[in-house]
Amino acid sequence: MRIVGCTLVADAIALEFPILEAIGSVLPLCDELLVNVGPSKDGTLDLLRTLGDPRIRIIHGEWNRQLGSAMLAAETQRALDQARGDWAIYIQADEILHEDGVGPLRDALHRAEGDPAIEGLLVEFRHFYGTTDWVGASRRWYRREVRAVRLGAGLTSRGDAQGFRAAGGRRVRARRSGATYFHYGWARPLEALREKQRIDDQLYHGGAGRRAAIGRDLPADVGLRRFTGTHPAIMRRWIEEHRPRMTPGFSPRPWDRRRLSLLATLAIERLTGWRPFEYRNYVEV
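Caption draft 1: Examining the pairing of strand 8 (residues 144-150) more closely. Of all seven residues in strand 8, seven are buried; the element is thus mostly enclosed. The pairing of strand 4 (residues 87-90) with strand 8 spans three bridges and is antiparallel. Its bridge partner being in strand 8, Trp-87 is matched across the sheet by Arg-150. Of the strand pairs in this sheet, strand 6 (residues 120-129) and strand 8 are connected by five bridges, and their pairing is antiparallel.

Right under this line is the structure:
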């Protein structure tokens, strides 16, 4: 069985992505790892070359920002289209596979290989917000998503590259892998988050600001809770270096209909274990 990793990144240094750690976290599983590098002015390409691993192959896409957020799916698909193997493991530049999940994900791939009904494998997510001490727990944060796909099954990256779909928009038939991705997209230094917000406004809203500008603190989110586990070992140095410049706290956020809805569904989930209105790109099999 041949496994290919896929990721994409641009301006990794300016945006302070843990891209080297993201790649390093899945590399033990991969026979080859494709990195789609977008136009960057900060030395991203040179940074990636420091890895010096012969399994890593760098490709260059179009990164057409006129596509808006669909650009991310298009560039993810560009990498997948060049993958040659049985399975592709997809990881974004701010996601890290916890080392405890390497074995379970490998085992899940081997079990799924002989069952053509399984098109993808799910990983659990821990979404960090503000700092590496807090995680989001409301339905605003997806609990799991497809991050391993069977090559040749006709699956394509969709939307803003959060997940995948089969032909005709059908949801992917997927099974849980027992692995966990740690997502640090909203737990980076404030300067990087401000630049992220500017780029998000361009991709998602045509340049119009849709949220209040990030100040000294981030706006409080419904369902935040303290993280009590252990971070991936590969991230410990990164956390030590970046944590002093992360947001020191959370600013109040006015209550509105959306926040009240999140609070209500969070209460239902905590009482019953069921998450109402949960968005899924997959069907569990």
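From this point, the narrative continues.
Caption draft 2: The arrangement of the packing of aromatic side chains in detail. Enumeration over the complete set of coordinates arrives at 12 aromatic pairs. Seen in terms of ring centroids, Phe-125 and Tyr-142 are 5.0 Å apart; in terms of plane orientation they differ by 75 degrees. Their pairing is edge-to-face. Within this pair, whereas Phe-125 is found in strand 6, its partner Tyr-142 is found in the loop between strand 7 (131-135) and strand 8, the two being separated by 17 residues in sequence. As far as the burial class goes, Phe-125 and Tyr-142 line up, both buried. Relative to Tyr-181, the ring of Phe-125 lies with its centre 5.7 Å away and its plane at 70 degrees, an arrangement referred to as edge-to-face. Placement of the pair is Phe-125 in strand 6 and Tyr-181 in strand 11 (residues 172-186), with a sequence separation of 56 residues. You can call Tyr-181 buried: its relative accessible area is 0%. An aromatic cluster of at least three residues, connected via ring pairs, comprises Phe-128, Phe-182, Tyr-184, Phe-227 and Trp-238. When the ring centre of Trp-141 is taken as origin, the NZ or CZ atom of Arg-140, which lies over that ring, is 4.6 Å away. The aromatic ring of Trp-255 is capped on one face by Arg-259, whose charged end is 4.1 Å from the ring centroid.

Caption draft 3: The arrangement of the side chain of Arg-144 in detail. Tracing the chain through its elements places Arg-144 in strand 8. The buried category is assigned to Arg-144, whose relative accessible area is 8%. Within the structure, the side chain of Arg-144 is placed 3.0 Å from the side chain of Glu-124, a separation counted as a polar contact.

Caption draft 4: Broad picture of the state of the cysteines. Overall, the coordinates contain zero disulfides when judged by the stated rule. Free of any disulfide, Cys-6 has its nearest neighbouring cysteine sulfur in Cys-30, separated by 8.3 Å. Classification of Cys-30 as buried rests on a relative accessible area of 4%.

Caption draft 5: Inspection of unusual backbone geometry at higher detail. Positive phi values are uncommon outside glycine, yet Asp-11 reaches one of about 50 degrees. Inspection of the secondary structure assignment puts Asp-11 in the loop between strand 1 (3-9) and helix 1 (19-26). Residues other than glycine seldom take positive phi values, yet Trp-63 does so here, at roughly 50 degrees. Looking at the secondary structure, you find Trp-63 in the loop between strand 3 (56-59) and helix 3 (70-81).

Parameters and conventions
- Residues numbered from 1 in each chain as written.
- Predicted model: local features only at pLDDT ≥ 70, side-chain atom pairs only at ≥ 80, totals over all residues.
- Heavy atoms only, no water.
- Buried < 20%, exposed > 50% of the residue type's maximum accessible area, 1.4 Å probe, protein only.
- Helix = DSSP H or I, 4+ residues; strand = E, 2+ residues; numbered from the N terminus.
- Pairing = 2+ DSSP bridges.
- Phe/Tyr/Trp six-rings, centres within 6.5 Å; stacked < 30°, edge-to-face > 60°.
- Lys NZ or Arg CZ within 6 Å of the ring centre and 35° of its normal.
- Polar contact = N/O pair within 3.5 Å; in protein donor to acceptor, adjacent residues only side chain to side chain.
- Disulfide = S-S within 2.5 Å.

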